[in-house]
There are 2 protein chains.
Amino acid sequence: MSDPATVVVLGADGYLGWPTSLHLSARGYRVVAVDNLVRRRWDREGGTSSLVPIRSMAERVRTWAKAGGDPIEWRRLDIRDGEGVAALVRDTQPAAIVHFGEQRSAPFSMIDREHAVMTQLNNVAGTLNVLHAMRAFAPDCHLVKLGTMGEYGTPNIDIEEGFITIEHHGRTDTLPFPKLPGSFYHLSKVHDSHNIHFTCRVWGLRATDLNQGVVYGCSTPETSASPRLATRFDYDVVWGTVLNRFCVQAAVGQPLTVYGEGGQTRGFLDIRDTLECIRLSIENPPAAGEYRVFNQFTEQFSVLQLAELVRAARAEQGMDTLIEHLPNPRVESEQHYYNAKHQRLIDLGLQMHPLRSTLIDSMIATVESHRDKVDVASLQTPNVDWRTGALHTRTLLGLPQRRPQRKQTRRYEPEAVRPVA
Amino acid sequence: MSDPATVVVLGADGYLGWPTSLHLSARGYRVVAVDNLVRRRWDREGGTSSLVPIRSMAERVRTWAKAGGDPIEWRRLDIRDGEGVAALVRDTQPAAIVHFGEQRSAPFSMIDREHAVMTQLNNVAGTLNVLHAMRAFAPDCHLVKLGTMGEYGTPNIDIEEGFITIEHHGRTDTLPFPKLPGSFYHLSKVHDSHNIHFTCRVWGLRATDLNQGVVYGCSTPETSASPRLATRFDYDVVWGTVLNRFCVQAAVGQPLTVYGEGGQTRGFLDIRDTLECIRLSIENPPAAGEYRVFNQFTEQFSVLQLAELVRAARAEQGMDTLIEHLPNPRVESEQHYYNAKHQRLIDLGLQMHPLRSTLIDSMIATVESHRDKVDVASLQTPNVDWRTGALHTRTLLGLPQRRPQRKQTRRYEPEAVRPVA
């Protein structure tokens, strides 16, 4: 038998990066797990934390090996370091790079100028560095890049998977699907998509752009093997997603807070399906020069529907749950058409886990087992305001408002590029 | 009479930024001219230079005032300095910001990883800083942003001005025109377009995105007033554009070098029309929250057609000119459909200057008056190679090939963002 194929997982310390690393290791891949651990620092700085305790990468990797898993190679690296990424790709010769290594919170990106600029520069530079390293050292490597369904926004037509055939004035072309992203974070993913597509066209790289929906759940067969293998569970205003937040609210007996009318409809999927989508993408790579887009979600729900599912699951247990509508801190349509295709991963064999009340029950049970750590006050306060920035968050945290004029050291200099000559 | 409206020109030291500053000053605007002068440093570092000598910004501004022009306020500022941009907008309260302040060479962006990353980070960060400054300090200000026709690429359908109405499965929406940009530079402009559009939707800013064609010529009524007011004339492989290069080749009696078949068709315009397009945009601002796109060019030509126009102009003077086809260093279609709309500026009153042999003659005369400064060797060498990076340029310049593994200091740090808390 030949050596196992190498997969580099970027962002391996994250909510999905860690379970993905375990899943691929369990499937026989040699996994190189890479992260700069910045997500943990943002937690320390912002006063947020995973409700489920997580271990250090070193301890996680050790636990996995002790439990009989194939060794996962853990490397601390910031992928904004282009030379470091080049050395990583040169030395590991991956068959695939799974790229979760980006700032992934929309509210975080909307706090203020610095967070917007940092998000886009971080995400764009990291991906550009990966693409250049692939060209130089692994041109046959398959980039499996995590995008987001949020790149599309909510157009009034069906959302296709990445491309759309347009007939116009008697002529026809198949072109990238137009994008209407809803935050500086979502915009950064649109930028990435354009950059990746370009390098496939011009350099012949191969890439799969996974436009992922909102993921829920935190338990996978591999993370369940030991509490030391657990992944994050976020529910705060900056890092949490809506179903997680509803489960925490239900667990502590608070009303489920819906922003605005709650008609905002999105694609969702179970964390276990995320892992399978990534495995299926790796095992069915695109041709050289091919840039393909899969819409990676399994079901569409409106926010209000999700709240009602949680309420119904609680009712089955004999508990009453209130639903409360708050002013929407985001700028978005609250009633809109939404019909997004998601056929290509099903065609590759995805067996989806639909959202059932049993899953909601088990998420709530997880929350209840960490009940003492829930920051109840934060649950009732709306998110970062899309129009004004961090106002709500900073008020929540009891911080003074920012003075935009404050002098700041410049962090990147014109000198950063060595001259042509 | 009220005070004149203030216009901030970003990139005011550049090929178009300087003539625009003069043109708006001559039309009665209070002009604040801003630049970081990096273009001059890239010349020094890369061994390139403007064929027409240019003066320092201080001397240009002094000359303009001495010649009787309204004073232009010159400020040196790098717009990647977000606090600096905020202070600029707060203090000057512009009615419009004309934004030329970006790295604008496609070959430069294709040299290597550092140039690609630098181009995108520079351009994206600068524009994000401008948008945030507008939100904070001048929400009614009109952003007039220089994009490029190269954002669209060469789709097989007619190119509309920024948006296209798509009917799909019986439903209809008007969405951003899909983009197929052809270099990391062009991609950076696509990123900007998405970012600007977003801030108009979410913050109610107003912006005009000028998707400009390739500009030719270097003489305007204002720059002609004194040699000390001249603007740049670039013809080298990194900064020059095709018609400038052909004029230099014709002036020194060399063959006009066409990349590949020469069927590459693009939109072009006279530098004097650029200035008028900008003035017309400023004087007809969009509504609050409106993001509009004008395709800013006047005529379409293929590269081979341009070469033939130069040859014909020379023939009228009794001179023979050869046309030579070189291997194309870029990855692009050399025969393709191209029909781009450019009606909206005409509707605003643009009186175009079509490309005539007299203009070509005068450009060649300009070159001839600086004949001794032409770097003849560089004219015959193709551009930066799109597939392999700087190979041709570095060979041309007699430089060793780059070692991608070389260790480099990181220039931007995760610490660049202040925490939420």
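Predicted, not measured: the structure shown is a model, and the values here were computed from it. Residue positions within a chain follow its written sequence, with the count starting from 1. Chains carry letters and ligands carry numbers; both start at the beginning, A for chains and 1 for ligands, and go up in the order they are written. Where totals are concerned, whole chains, interfaces and linings use all residues; where local detail is concerned, this predicted model gives features only for residues with pLDDT of at least 70, and gives and counts side-chain atom pairs only at 80 or more. The side-chain values count all of the structure's non-hydrogen atoms but skip hydrogen atoms and water molecules.

A. A look at the overall build of chain A. Only DSSP runs of H or I with at least four residues qualify as helices, and only runs of E with at least two residues qualify as strands; both kinds are numbered from the N terminus onward. Secondary structure assignment for chain A yields 14 helices and 14 strands. Put simply, the radius of gyration uses C-alpha atoms, and a globule should come to 2.2 Å times the residue count raised to 0.38. Since a compact globule built from 421 residues should have a radius of gyration of about 22 Å, the 21 Å found for chain A is in line with a globular shape. Here the C-alpha coordinates of chain A stretch approximately 65 × 60 × 55 Å along the principal axes. Expressed as a percentage of the 421 residues in chain A, the buried residues total 64%. Contacts between residues were defined by any pair of non-hydrogen atoms, one from each residue, lying within 4.5 Å. Within chain A, contacts between residues at least 6 apart in sequence are counted, and of these 81% link residues at least 24 apart. Reported accessibility uses the Shrake-Rupley method at a 1.4 Å probe radius. Residues are deemed covered only where the shown protein chains occlude them. For chain A, the computed accessible surface area is about 14700 Å², with 50% contributed by carbon and sulfur atoms. Here Asp and Glu are counted as negative and Lys and Arg as positive; His is not counted, and neither are the chain ends. Charged side chains are reduced to one point each, which is NZ for Lys, CZ for Arg, CG for Asp and CD for Glu. Of the charged side chains in chain A, 47 are positive and 48 negative, and the gap between their average positions amounts to 6 Å. Under the scheme applied here, a residue whose accessible area is under 20% of the maximum for its type counts as buried, over 50% as exposed, and between as partly exposed, the area being computed with a 1.4 Å probe on protein chains only.

B. Region of interest: the sheet that holds strand β11 (residues 265–270) of chain B. All names here are of chain B. Spatial ordering of the open sheet is given by β9-β11-β13, a layout of 3 strands whose pairing is mixed. Looking along the sheet, the strands with just one partner apiece sit at the ends: β9 (214–216) and β13 (299–302). Neighbour-to-neighbour, the strand axes of the sheet open up by a mean angle of 45 degrees, direction not taken into account. The angle between two axes is taken between their N-to-C directions and runs from 0 to 180 degrees, where each axis is a line fitted to C-alpha atoms and a helix contributes only its stretch in contact. Relative to β13, helix α10 (residues 303–316) is tilted by about 90 degrees, and along the sheet it contacts β11 and β13. Two strands form a pair only when DSSP identifies at least two bridges running between them.

C. Geometry of unusual backbone geometry. With a phi close to 50 degrees, A:H169 is a non-glycine residue in the positive phi region. Summarising the element assignment, A:H169 is placed in the loop between β6 (163–168) and β7 (171–176). By relative accessible area, A:H169 is classed as exposed at 52%. Phi angles above zero are rare outside glycine, and B:Q93 is one such case at about 45 degrees.

D. Seen up close, the packing of aromatic side chains. Within 6.5 Å between ring centres, the rings of Phe, Tyr and Trp (the latter by its six-membered ring) count as paired, and their orientation is classed by plane angle as stacked under 30 degrees, edge-to-face over 60, tilted in between. Inspection of every chain in the model, using the stated rule, returns 16 aromatic pairs over all chains. Through a chain of ring-to-ring contacts, three or more aromatic side chains come together here, namely A:W42, A:F108 and A:W239. Note on geometry: a ring has a charge over it if NZ (lysine) or CZ (arginine) is within 6 Å of the ring centre and within 35 degrees of the ring normal. One Lys or Arg, B:R171, reaches over the ring of A:Y337 and ends 3.5 Å from the middle of that ring. The ring of B:Y259 carries B:R245 above its face, with NZ or CZ at 4.8 Å from the centroid.

E. Main features of the sheet that holds strand β8 (residues 206–212) of chain A. Residue and element names in this part refer to chain A. Spatially, the 7 strands line up as an open sheet ordered β3-β2-β1-β4-β5-β8-β12, and their pairing is parallel. Taken across any chain shown, the strands that pair with only one partner, and hence form the sheet edges, are β3 (73–76) and β12 (291–296). Across the sheet, the mean angle from the axis of one strand to that of its neighbour is 20 degrees, orientation sign disregarded. Alignment of β8 against β12, held across 6 bridges, turns out to be parallel. Each bridged residue has a counterpart across the sheet, and for Q212 the counterpart in β12 is Q296.

F. Here's a closer look at the packing of helix α10 (residues 303–316) of chain A against helix α12 (residues 357–368) of chain A. Residue and element names in this part refer to chain A. Running from amino to carboxyl end, α10 crosses α12 at an angle of 80 degrees, the nearest separation of the two axes being 9 Å. If you check the angle between α10 and α12, you find them roughly perpendicular. Counting all contacts with α10, which are made through L309, V310, A313, R314 and E316, the residues of α12 involved are S357, I360, D361, I364 and E368. Classifying every residue of the contact of α10 with α12 gives 5 nonpolar, 1 polar and 4 charged. Note on terminology: angles under 35 degrees are roughly parallel, angles over 145 are roughly antiparallel, angles of 65 to 115 are roughly perpendicular, and the others are oblique. Classification convention: Asp, Glu, Lys, Arg as charged; Ala, Val, Leu, Ile, Met, Phe, Trp, Tyr, Cys, Pro as nonpolar; all other residues, Gly among them, as polar.

G. Representation of the side chain of B:S25 in the model. All names here are of chain B. As for its position among the elements, S25 is in helix α1 (residues 17–26). Polar contacts involving the side chain of S25 include one to the main-chain carbonyl oxygen of D70, which spans 3.2 Å. When sequence neighbours within four positions are dropped, the list of residues in contact with S25 reads V31, W64, D70 and I72. In protein, a polar contact means a hydrogen-donor-capable atom and an acceptor-capable atom, both N or O and within 3.5 Å, with residues adjacent in sequence counting only if both atoms are side-chain atoms; elsewhere, any N or O pair within 3.5 Å suffices.

H. Broad picture of helix α9 (residues 271–283) of chain A. If you check α9(A), its first and last C-alpha atoms are 19 Å apart, about what 13 residues at 1.5 Å a residue would give, namely 18 Å. Most of α9(A) sits inside the fold, with 11 of its 13 residues counted as buried. Residue count minus one, scaled by 1.5 Å, sets the expected span of a helix.

I. Main features of helix α9 (residues 271–283) of chain B. Taken as a whole, α9(B) has its buried residues at B:I271, B:D273, B:T274, B:L275, B:E276, B:C277, B:I278, B:R279, B:L280, B:S281 and B:I282. Among the residues of α9(B), the N-terminal cap falls to B:D270, whose side-chain oxygen and the backbone nitrogen of B:R272 are separated by 2.8 Å.

J. View of the environment of A:A207. All names here are of chain A. You can see A207 is positioned in strand β8. C-alpha separation for the pair A207 and D78, spaced 129 residues apart in sequence, amounts to 21 Å. Not counting residues within four places of it along the chain, the set of residues in contact with A207 comprises H142, L143, I196, C200, P286, E290, Y291 and R292.

K. Geometry of the pairing of β8(A). Residue and element names in this part refer to chain A. Counting buried positions along β8 yields 7 of 7 residues, so the element is predominantly enclosed. In β8, alternate side chains face the same way, and those of R206, T208, L210 and Q212 on one face and A207, D209 and N211 on the other are all buried. With 7 bridges connecting them, strand β5 (residues 142–148) and β8 associate as parallel partners. In the sheet register, G147 faces β8, and the bridge partner there is N211.

L. Fine view of the state of the cysteines. Disulfides are defined as pairs of cysteine sulfur atoms found within 2.5 Å of each other. Considering all chains together, one arrives at 0 disulfides over all chains under this definition. A disulfide-free cysteine, A:C247 has its sulfur positioned 9.5 Å from the sulfur of A:C218, the nearest such atom.

M. Region of the structure containing the confidence of the model for chain A. A residue-level look at chain A finds 91% of positions with pLDDT of 70 or above and a mean pLDDT of 91. Throughout residues 394–421 of chain A the model reports pLDDT below 50, and contacts reaching past four residues in sequence, or to other chains, amount to 81 contacts. Each residue carries a pLDDT score, the predictor's confidence in it, ranging from 0 to 100.

N. Inspection of the pattern of salt bridges at higher detail. Take a side-chain nitrogen of Lys or Arg and a carboxyl oxygen of Asp or Glu: if they are within 4 Å of each other, that pair is a salt bridge. A full pass over the atoms with the stated rule returns 52 salt bridges over all chains. Residue A:R41 pairs with A:E45 through a salt bridge whose shortest N-O separation is 3.2 Å. Placement of both A:R41 and A:E45 in helix α2 (residues 38–46) is noted, with a separation of 4 residues, approximately one turn of the helix. A relative accessible area of 25% means that A:E45 is categorised as partly exposed. Between B:R80 and B:D78 there is a salt bridge; the shortest N-O distance is 3.2 Å. Pair check on accessibility: B:R80 and B:D78 agree, each one buried. One continuous salt-bridge network, built from bridges that share partners, spans A:R39, A:D43, A:R104, A:R232 and A:D234.

O. Here's a closer look at the side chain of A:T199. Its location among the elements puts A:T199 in helix α7 (residues 184–203). Looking at A:T199, its side chain comes within polar contact range of the main-chain oxygen of A:I196, at 2.9 Å. Not counting the four nearest positions on each side in its chain, A:T199 is found in contact with A:L131, A:G204, A:L205 and B:F184.

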